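# Breakdown of the fold
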Amino acid sequence: DPKIIQKPKYLVAVTGSEKILICEQYLGHNAMYWYRQSAKKPLEFMFSYSYQKLMDNQTASSRFQPQSSKKNHLDLQITALKPDDSATYFCASRQDRGGDAEQFFGPGTRLTVL
Amino acid sequence: GEKVEQHQSTLSVREGDSAVINCTYTDTASSYFPWYKQEAGKSLHFVIDIRSNVDRKQSQRLTVLLDKKAKRFSLHITATQPEDSAIYFCAASTPMNTGGLSGKLTFGEGTQVTVIS
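For clarity, every value in this text was computed on a predicted model and none was experimentally measured. (Residues numbered from 1 in each chain as written. Chains lettered and ligands numbered in written order. Predicted model: local features only at pLDDT ≥ 70, side-chain atom pairs only at ≥ 80, totals over all residues. Heavy atoms only, no water.)

## Observations concerning the pattern of salt bridges
Taken as a whole and assessed by the stated rule, the structure comprises 12 salt bridges over all chains. For the salt bridge of Glu24 of chain A with Lys7 of chain A, the shortest nitrogen-to-oxygen distance reads 3.8 Å. Taken together, the residues span a long stretch of sequence, with Glu24 of chain A in strand 3 (residues 19–25) and Lys7 of chain A in strand 1 (residues 4–7) at a distance of 17 residues. When its relative accessible area of 11% is taken as the criterion, Glu24 of chain A is described as buried. For the salt bridge of Glu39 of chain B with Lys37 of chain B, the shortest nitrogen-to-oxygen distance reads 3.7 Å. Judged by relative accessible area, Glu39 of chain B falls into the partly exposed class, the value being 32%. Through salt bridges with shared partners, one network takes in Arg36, Lys41 and Glu44 of chain A. (Salt bridge = Lys/Arg side-chain N within 4 Å of Asp/Glu carboxyl O. Helix = DSSP H or I, 4+ residues; strand = E, 2+ residues; numbered from the N terminus. Buried < 20%, exposed > 50% of the residue type's maximum accessible area, 1.4 Å probe, protein only.)

## A few points about the packing of aromatic side chains
One pair of aromatic rings is described through two measures. These are the centre distance and the angle between the planes. Summed over the entire model, instances satisfying the criterion amount to 14 aromatic pairs over all chains. Relative to Phe105 of chain A, the ring of Tyr35 of chain A has its centre 5.3 Å away and its plane inclined at 45 degrees; by these criteria the two rings are tilted. Of the two residues, Tyr35 of chain A sits in strand 4 (residues 31–37) while Phe105 of chain A sits in strand 10 (residues 104–105), which places them 70 residues apart along the sequence. This pair shows no difference in class: Tyr35 of chain A is buried, exactly as Phe105 of chain A is. Pairing Tyr25 of chain B with Phe33 of chain B gives two aromatic rings, centres 4.7 Å apart and planes at 45 degrees, and the pair type is tilted. Taken as a pair, Tyr25 of chain B and Phe33 of chain B share a single burial class, namely buried. Chaining the aromatic ring pairs together yields one cluster made of Tyr33, Tyr35, Phe45, Phe90 and Phe105 of chain A together with Tyr36, Phe46, Phe89 and Phe107 of chain B. (Phe/Tyr/Trp six-rings, centres within 6.5 Å; stacked < 30°, edge-to-face > 60°.)

## Notes on the side chain of Gln8 of chain B
Residues and elements named next belong to chain B. Positionally, Gln8 belongs in the loop between strand 1 (4–6) and strand 2 (10–14). Residue Gln8 is classed as buried on the basis of its relative accessible area of 17%. One polar contact links the side chain of Gln8 to the main-chain carbonyl oxygen of Val20, over a distance of 2.9 Å. (Polar contact = N/O pair within 3.5 Å; in protein donor to acceptor, adjacent residues only side chain to side chain.)

Next up, the structure:
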C-alpha cells in the first residue's frame, strides 16, 4: 500500500488559474515537505512543516501556499499559475526527533501549465 | 545558502565494475548527507545517508565517504548490476539560521548512472 499519497498524478492547468495539490502520508510522521523538480532546475526545496507548523519557506512567491488541515496532510495551493510553474511536485515526510533523518518521498504530481 | 554540486551528469560502467559519484557542498554547517535514486518516471528512493560525525558508512554494495575538510562526499557502488541504472542525487541538510533543523534538503543536479551489460 502506498504510504504517501499525492493527488492528482497528472494535472493540466491554464495560465492564471488556481490548483491544489494533495498530499497525505500514512507513515505516522510529524514533519512534511514540498519539493519541486523541473527540467530547468534540480530538485528544489519549497516548504517544511513540523507538527503542522511552518518551519522553513524557500519559496519566494506568495502564490504558493501550503495548507495543513490534519497532521498527516500537507496540501499545496498554487494561485495565478504560470507556465514556469510546470514541474513535478513531490511531497515528502520524515519523523522529526530533533535531528536529521531519512525523508520518504511521494510519487509526485506532474503539473503542466499551458 | 547551501549549494550542492554533482560533478558528473552521466556515468557509464560495465556490469560488475564499481561506480563513484562525487558531490561537494558549501555550507560547513551541513551535517547530514543522504543519497537518493530516481528511476525513469518515478519518485525518489532513499539509498543511504551519512552524518557528519562519521566519515564512512557502508550498506551492502553501497559506501558513502565524507571529507568535511574538503566539503566533499561520494557514493561508491560496487559490483554494479543493471538495476543500479538510475539517476542518483546527493543532498545536504543544513540547519536554519535559528540553529534548528527544518529537514530542508539541498540537492545536487543528479548523475545518470548507466550499467552496461
